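Geometric and topological summary
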Amino acid sequence: MFPNSPNVGRPPFSPALISQQQIINALNFRNASLSGTILTGVITPRPSAVWPLNSACPTFSPGLPNNVGRKRRSDERTSPYDVKRQRFQSPPSRPSGSSVPFVVDRRYSVPSPGISSLLPLTDHPQNTLQVARDKLSQQVLDLFCNCQQQSIDLEKKDLCRTQIQRELQRIFPQTKLYLVGSSLNGFGTRYSDADLCLVLKEEPINQRNEACHILSLVQQLFYRLSYIDRPQLIRAKVPIVKFRDKVSGVEFDLNVNNVVGIRNTFLLRSYAYIESRVRPLVLVVKKWARYHGINDASRGTLSSYSLVLMVLHYLQILPEPVIPSLQKEHPECFEPTMQLQFVHRRGSNITPYLSLNSSNLGDLLVGFLRYYATEFDWNNSIISIREAKVIPKTNDVEWKNKYICVEEPFDRTNTARAVHEKCKFDMIKKEFLQSWHKLKDKRDLFNILPAAATTECGGR
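Residues numbered from 1 in each chain as written. Predicted model: local features only at pLDDT ≥ 70, side-chain atom pairs only at ≥ 80, totals over all residues. Heavy atoms only, no water.

Non-glycine residue R230 carries a positive phi angle of around 55°. Within the fold, R230 resides in strand β7 (residues 228-234). In this model, R443 sits at a positive phi of 50°, which is unusual for a non-glycine residue. Looking at the element boundaries, R443 is found in the loop between α12 (422-442) and α13 (451-454). Taking the relative accessible area as the measure of exposure, R443 reaches 24% and is therefore partly exposed. (Helix = DSSP H or I, 4+ residues; strand = E, 2+ residues; numbered from the N terminus. Buried < 20%, exposed > 50% of the residue type's maximum accessible area, 1.4 Å probe, protein only.)

This is the structure in structure tokens:
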């Protein structure tokens, strides 16, 4: 869910690889102390802040092993992930137009670090949606069934994560690499990119300096790995290293210690599976926004994360809500200071929500567009799924003079801060209004999202 910069037009990279001794010098920790701070090239976490808690404070190697940068012998393989990685082929899409019942996919991925299992959802009638009875709802279901991420898509991302984590632990022992964002929160598509979070410690780090320094070392390491293509350091508010896994073809964004992304991944996952209409509606809104050019934070429009929060907010504020605020209903499951090792477990106990709202997917899509086109007060309101309501805009620097205000449910920052130009804001409002007018009468999804666009299942 982090800002994604396009690769088009970038010149090919031909960097000089840093030597093993340069990495050793950069990671010189002889002056380290348990102060809990990160100095230039020095990482010194407090024991109480380090994840996992059942191990000692991570010790960062004074040097790289001799086998870094070369192919390991068969007798060095100690993990089942050390076998040759195979290419994955996703199963063919279901033919467009065929009518099938929507059943929640209960298959789960290879879990990220610290996640022993993603427990199966409680079997409940509210988790299953019958065949749509109207054309627009059926079109939304068809799009969802064609484009939703499959288990095999998630497994190939996690296989790459596992292998990269092993390489990174040669430099940063006992750190963990998490798969986060749409790949794991239930709102991913068949060919969507993936986000990774490298956790050095649970405390925040300076993203402008320390994170960029660490990511520059990660980038240099990636140049040595034959299966990684085009590693690029993007110096954004949350800096990332972008790269492509040559085996699976998946594009990745890797950040350091942006742990709020781990927390909101599992919050959104709980929302995704609490009510069967949530995932199809979110997916079609993301497809619609991308087609109309308003789903790209790197170009000053809405991030996918902001769009998901906007959909959830709409479903919460209806006269008869489709979903509640999970943070209000289950505060013990989504405590912002909860240790990372417990984050995935707490939400697994939440049962599906019994909503009295019987609106079909077509009605909800039309209502979503109408709400933001004609009803929502952009000038004075903040979208908050934490409160399940609109909250008034304040003069705080996070909200003052911002065109769109969407509250991050954990750190309470503005996830829509990328929309900082009035022309982009006006374009977003125009797309909501025009699409609502096109859809409300004819109720045909192809009026706002051509058939060709519904078969392209990429994006975040």
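Of all residues in the protein, 70% attain a pLDDT of 70 or more, and the chain-wide mean is 77. This stretch, residues 1-126, has a pLDDT under 50; its non-local contacts, to residues over four places away or in other chains, come to 269 contacts. (pLDDT = per-residue confidence, 0-100. Contact = heavy atoms within 4.5 Å.)

The next subject is the packing of helix α7 (residues 278-291) against helix α11 (residues 361-375). One way to put it is that α7 packs onto α11 with a least axis distance of 10 Å and a crossing angle of 50°. In terms of orientation, α7 lies oblique with respect to α11. Considering how the two elements wind past one another, α7 and α11 form a crossing that is right-handed. Packed against α7, whose contacting residues are P280, L281, V284, V285 and W288, the element α11 presents L361, L364, L365, F368 and L369 at the interface. For the contact of α7 with α11, the per-class residue count stands at 10 nonpolar, no polar and no charged. (Axes fitted to C-alpha atoms, helices over the stretch in contact; angles between N-to-C directions. Parallel < 35°, antiparallel > 145°, perpendicular 65-115°, else oblique. Left-handed = near helix turned anticlockwise from the far one by under 90°. Nonpolar A, V, L, I, M, F, W, Y, C, P; charged D, E, K, R; others polar.)

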